[in-house]
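# Survey of secondary and tertiary structure
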Amino acid sequence: VSFTHLTNLPAQVKALEQLQEIDLKIDRIRKDQGDMPAALKALDDTLAKSKGTVALKQAAIDEAHKIQRQAQAALDMNRDRVARASGKLESVQNTHEYQAASKEQEQLHKMAKTLEDQIKKCGVDIEALTKDLDGLNAQLAQAQASRDEQHGKLSGQSSNLQGQIDSLQAERKKFSSTVDARVLATYDRVRPARAGLGIVPSIGGRCVGCNMMVPPQLFNEIQKGSALHSCPSCHRLLYVKTETPATA
Ligand SMILES: [Zn+2]
């Protein structure tokens with residue numbers, strides 16, 4: 001694409017350069033805005049993981065309570081059987097019956113001991129698990145608070161970024177209004193497709209955007225400032241920097 005007979009071409013090129021600086025700033029802010037949902041999601045994921053750990057610990061406590069209740073019920077039943085076995089032992093008729101009854105009682109006592117140990121062990125487990133749970137709940141509360149705080153900060157940042165974009169877009173209008181409508185349309189069309197650069201310098205006959213040689217006739221016209229051309233290979237608008245590089 002070529003544009004000839006543009007009024008005050010150097011001023012338009014200057015305006016496009018400034019426009020592009022603003023547009024690149026807007027691009028960076030939009031990228032930051034785009035990163036924010038991911039930051040929030042990471043916080044929510046951490047919180048969900050924390051909640052999952054708490055739920056697992058709670059389930060382990062519930063299970064220990066269940067085992068303890070079952071052992072207690074078995075122990076209660078065992079006591080009734082011990083009482084019955086004692087009755088039997090008192091009414092034995094012979095040695096054989098005595099041996100059988102006393103063996104049964106011995107087994108019941110053994111069983112009672114096992115159940116009592118199990119109940120005690122469950123109690124110890126529950127105590128330890130409950131202590132763990134308290135710690136995890138404290139961590140969860142902290143994760144929740146930090147998530148809420150970050151959430152508030154991020155939404156504050158979000159409206160702040162939007163404010164920056166709004167003012168940059170207002171500033172953008174100052175420059176875009178001075179650029180020829182067709183040139184601006186080309187710049188706006190090419191820029192998003194070309195890494196955010198719609199206008200690039202041409203140095204030594206090459207397009208800085210894609211590094212391809214610009215046809216000499218085009219380069220001449222660009223250099224003279226008589227016309228605005230877009231690069232035949234990347235379609236970015238080309239200009240030649242007129243300022244002499246600053247010397248250190
Ligand atoms: Zn190019």
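Whatever comes next refers back to the structure up there.
Let me begin by describing the structure that accompanies this report.

## Some details on the side chain of glutamine 105
Within the fold, glutamine 105 resides in helix H2 (residues 95-176). Contact partners of glutamine 105, with chain neighbours within four places excluded, come to Val82, Ala85, Ser86 and Leu89.

## Description of the nonpolar core
Counting residues in each nonpolar core, the largest one holds 25 residues, and the members touching the most others are Leu16, Val183, Tyr187, Ile199, Leu228 and Leu237. Secondary-structure elements contributing two or more residues to this core are helix H1 (9-90), H2, helix H3 (181-193) and strand E5 (237-239). The leading source of residues in this core is H1, at 10 residues. Setting aside residues up to four positions removed in sequence, tyrosine 187 forms contacts with Leu16, Leu19, Gln20, Asp23, Arg172, Gly198, Ile199 and Leu237.

## A look at the packing of H1 against H2
Between H1 and H2, the least distance of the axes is 5 Å, while the angle of their chain directions is 165°. In terms of axis orientation, H1 runs roughly antiparallel to H2. Considering the relative orientation of H1 and H2, their crossing is left-handed. Tallied by class, residues from the contact of H1 with H2 come to 40 nonpolar, 26 polar and 15 charged.

## Topic: the coordination of the zinc ion
The protein atoms that coordinate the zinc ion are Cys207 (SG), Cys210 (SG), Cys231 (SG) and Cys234 (SG), at distances of 2.3 Å. In this structure, the zinc ion is surrounded by 4 donor atoms whose angles at the metal cover 103 to 116°, and the resulting shape is tetrahedral.

## Here we look at the pairing of strand E2 (residues 199-203)
Burial runs high along E2: 4 of the 5 residues are buried. Taken together, the 2 bridges between E2 and strand E3 (residues 206-207) define a ladder with antiparallel strand orientation. Across the sheet, the residue bridging to isoleucine 203 is arginine 206, located in E3.

## Concerning H2
The first and last C-alpha atoms of H2 sit 115 Å apart over 82 residues, in line with the 122 Å expected at 1.5 Å per residue. Among the residues of H2, the N-terminal cap falls to asparagine 94, whose side-chain oxygen and the backbone nitrogen of histidine 96 are separated by 3.2 Å.

## Focus: the pattern of salt bridges
Within this structure, the stated rule accounts for 15 salt bridges. With a closest N to O distance of 3.0 Å, glutamate 104 and lysine 88 form a salt bridge. Within this pair, whereas glutamate 104 is found in helix H2, its partner lysine 88 is found in helix H1, the two being separated by 16 residues in sequence. Using a relative accessible area of 26% as the deciding quantity, one classes glutamate 104 as partly exposed. By sharing partners, the salt bridges in this structure join Asp23, Asp27, Arg172, Asp188 and Arg191 into a single network.

How each quantity is defined
Residues numbered from 1 in each chain as written. Predicted model: local features only at pLDDT ≥ 70, side-chain atom pairs only at ≥ 80, totals over all residues. Heavy atoms only, no water. Helix = DSSP H or I, 4+ residues; strand = E, 2+ residues; numbered from the N terminus. Contact = heavy atoms within 4.5 Å. Core = buried A, V, L, I, M, F, W, Y, C linked by side-chain atoms within 4.5 Å. Buried < 20%, exposed > 50% of the residue type's maximum accessible area, 1.4 Å probe, protein only. Axes fitted to C-alpha atoms, helices over the stretch in contact; angles between N-to-C directions. Parallel < 35°, antiparallel > 145°, perpendicular 65-115°, else oblique. Left-handed = near helix turned anticlockwise from the far one by under 90°. Nonpolar A, V, L, I, M, F, W, Y, C, P; charged D, E, K, R; others polar. Donors = N, O, S within 2.8 Å, 3.2 Å for Na, K, Ca; no water. Tetrahedral: all angles 85-135°; square planar, octahedral: opposite > 155°, others 65-115°. Pairing = 2+ DSSP bridges. Expected span 1.5 Å × (residues − 1). Polar contact = N/O pair within 3.5 Å; in protein donor to acceptor, adjacent residues only side chain to side chain. Salt bridge = Lys/Arg side-chain N within 4 Å of Asp/Glu carboxyl O.

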